[in-house]
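Each chain, letter by letter, is given below.
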Amino acid sequence: MTHSAQIAIIGTGFSGLGMAIKLKEAGFHDFVILEQSDDVGGTWHENHYPGCACDVQSALYSFSFEQNPNWSRMFATQPEIQAYLRHCAEKYGLMKHVRLNTNVTGARWDDKTSGWTIETCDSPTLWAYMEKKGLKPGDELDRKDKSLPKFNELKADIVISGMGGLSTPAYPHIKGIETFTGTSFHSQDWDHDYDFRGKRVAVIGTGASAIQFVPEIAKDAGQLDLYQRTPPWIMPKPDREIRPLEKAMFRKFPQTLNAFRQSIYWMLEARVLGFVGNPRILKVGELQARRHIRSQIKDKELRKKVTPDFHFGCKRVLISNNYYPALDQDNVDVLTDGIREVKGNVIVDNLGNEREVDCIVYGTGFKAQDPIPRGMVFGRGGQDLLDAWKEGAEAYKGTTVAGFPNFFMLMGPNTGLGHSSMVYMIESQVQYALDAIKKMLHRQWKSVEVKEGAISKYNASIHAKLGDSVWQTGCKSWYVNENGKNTTLWPGFTWQFRQQTKRFDAEQYICEPATAQVDNAEAVLAG
């Protein structure tokens with residue numbers, strides 16, 4: 001079955017919903033929002049593990065045009081953020097545009113029609129097929145397999161990807177892991193029916209998700225083995241409840257909430273001076289992090305294990321008040337000798353030590369270097385997006401890619417932050433994409449495609465700035481790919497990115513007029 005829409009948005013997180021809201025405000029109503037899950041919220045619906053919360057203050061981690069005076073805490077938990085996004089979808093009339101349980105399995109540009117053909121599948125049906133075949137999220141489908149589920153088609157002039165960089169779970173490659181006889185799951189696919197009480201649990205990974213759910217598991221597990229490859233730097237979390245009087249003031253005087261939001265924004269923005277300007281400034285943060293370890297862990301050997309040996313800020317700096325105390329419990333062991341293999345219900349480390357476990361929880365994060373899986377997006381001449389990214393993901397202003405007309409990414413390459421709210425960056429990109437769509441309509445362009453020269457020059461500038469940043473000081477992190485290229489982070493102040501994306505700079509694009517004949521049209525360079 002084939003449907004059509006002027007604009008197709010993929011995902012219903014902050015990116016997808018923010019884009020849809022601004023499209024409606026601008027008078028665009030012929031769009032669909034494709035969501036693989038059974039409700040809106042994106043990562044805040046998909047991730048629902050115990051302790052799941054945001055590490056940016058709630059007042060800033062929200063839309064500027066839909067500020068919430070009713071946050072219960074300084075740092076909101078997952079259920080509250082998901083409820084906020086659901087509220088936004090309902091308030092702005094987006095639910096009639098949303099297609100839930102619709103998995104996008106491919107999008108292909110058609111040069112003849114100057115449009116996109118998007119392939120979708122019923123999510124539960126596809127996931128059942130993948131489980132049967134032993135496939136994980138992000139794995140490429142075998143298109144020759146006759147048992148593949150039925151696919152539907154959607155034709156769209158413009159595709160806007162709001163899939164985000166932290167959407168495809170990453171799993172470790174461990175010898176014999178398929179022989180494990182117990183229960184196992186990734187933090188994004190949390191099994192709430194599993195009873196941890198008295199169980200022997202192995203957690204693999206010590207990233208942002210793990211430091212939130214480990215304290216919750218430690219409360220019930222008989223034994224918790226935490227397999228740590230590299231310890232993160234962790235700061236105290238300045239969290240507290242928002243007082244009733246504060247909420248009342250925010251509701252009655254919205255300008256006070258905005259002032260509170262602005263104070264948080266500028267406080268966080270100052271961190272850029274250390275990350276990009278002068279990494280020596282971050283020594284102050286490192287000293288505070290070391291004090292945090294000493295104040296929360298009594299065991300000196302454990303202190304050594306959890307103290308990083310890399311520059312503060314090189315990897316993502318985390319915040320927690322209950323992670324270190326959880327590690328100091330008698331039923332928790334931090335193991336640093338790696339994993340050689342798994343045999344049945346036994347994990348064998350690199351020294352040959354064996355430990356029996358009933359459950360393995362993967363806190364191994366996401367495929368940040370492959371935000372869009374292979375076999376998903378095909379541009380001019382059938383080129384796979386990953387083939388255009390042979391040296392690593394890159395885009396013009398984190399949004400557009402040469403060879404992929406009318407394709408806009410939100411939270412694309414080098415838009416990530418190590419210091420502030422991604423919602424600010426998302427709103428900046430939404431404004432850029434919206435201005436592009438308005439100009440396409442007003443100037444009657446049927447396609448816009450960024451010039452290769454523009455994308456090369458832009459990314460050369462980005463990586464020149466990244467070269468002097470703390471993120472390039474030698475640690476191994478998901479910010480940097482195997483070639484040493486930082487494909488994820490924005491190397492500057494967020495207001496600088498907003499200035500860059502304030503308007504669609506058509507002079508950097510090949511803009512094809514709608515009146516051109518398809519067979520022999522010459523691309524017109526917009527001035």
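Look a little higher up for the structure.
Everything quoted here is computed from the prediction, not taken from an experiment.

Q: Break down unusual backbone geometry for me, with residues and values.
A: With a phi close to 55°, K397 is a non-glycine residue in the positive phi region. Of note, K397 is situated in the loop between α12 (385-388) and β18 (407-409). Judged by relative accessible area, which is 7%, K397 ranks as buried. Unlike most non-glycine residues, M411 shows phi in positive territory, near 60°. For M411, the location among the structural elements is in the loop between β18 and α13 (422-442).

Q: If you had to explain the state of the cysteines to someone new, which residues and values would you point to?
A: Two cysteines whose sulfur atoms are joined by a covalent bond form what is called a disulfide. In total, this model carries one disulfide according to the counting rule given. Here C54 stays unpaired: no disulfide links it, and the sulfur of C52, its closest cysteine neighbor, is 9.0 Å away.

Q: For the environment of D468, give the residues involved together with the corresponding values.
A: Along the chain, D468 falls in the loop between α14 (452-466) and α15 (494-500). Residue classification places D468 among the exposed positions, given a relative accessible area of 59%. Sequence separation between D468 and Q329 is 139 residues, and the spatial gap between their C-alpha atoms is 40 Å. If near-sequence neighbours (up to four positions away) are discounted, D468 is found in contact with V276 and P279.

Q: Account for α13, with residues named and values stated.
A: End to end, α13 covers 30 Å across 21 residues, agreeing with the expected 30 Å (1.5 Å per residue, within 8%). Extensive coverage of α13 is indicated by the burial of 17 of its 21 residues. The opening residue of α13 is S421, an N-cap whose side-chain oxygen sits 3.2 Å from the backbone nitrogen of V423. Two residues or fewer past α13, Q444 is found with a positive phi of approximately 55°.

Q: Provide a residue-level description of the environment of A248, including the pertinent values.
A: Note on placement: A248 falls in helix α6 (residues 244-252). Note: C-alpha distance between A248 and N70 (178 residues apart in sequence) is 8.6 Å.

Q: Describe in detail the packing of aromatic side chains, supporting the description with residues and values.
A: For any pair of aromatic rings, the description consists of the separation of the ring centres together with the inter-plane angle of the planes. As enumerated under the stated definition, the model contains 30 aromatic pairs in all. Relative to Y61, the ring of F14 has its centre 5.1 Å away and its plane inclined at 75°; by these criteria the two rings are edge-to-face. Here F14, found in helix α1 (residues 14-25), pairs with Y61, found in the loop between α2 (43-46) and α3 (78-91); they are 47 residues apart in sequence, far enough to count as distant. According to the relative accessible area criterion, F14 is buried, its value standing at 5%.

What counts as what
Residues numbered from 1 in each chain as written. Predicted model: local features only at pLDDT ≥ 70, side-chain atom pairs only at ≥ 80, totals over all residues. Heavy atoms only, no water. Helix = DSSP H or I, 4+ residues; strand = E, 2+ residues; numbered from the N terminus. Buried < 20%, exposed > 50% of the residue type's maximum accessible area, 1.4 Å probe, protein only. Disulfide = S-S within 2.5 Å. Contact = heavy atoms within 4.5 Å. Expected span 1.5 Å × (residues − 1). Polar contact = N/O pair within 3.5 Å; in protein donor to acceptor, adjacent residues only side chain to side chain. Phe/Tyr/Trp six-rings, centres within 6.5 Å; stacked < 30°, edge-to-face > 60°.

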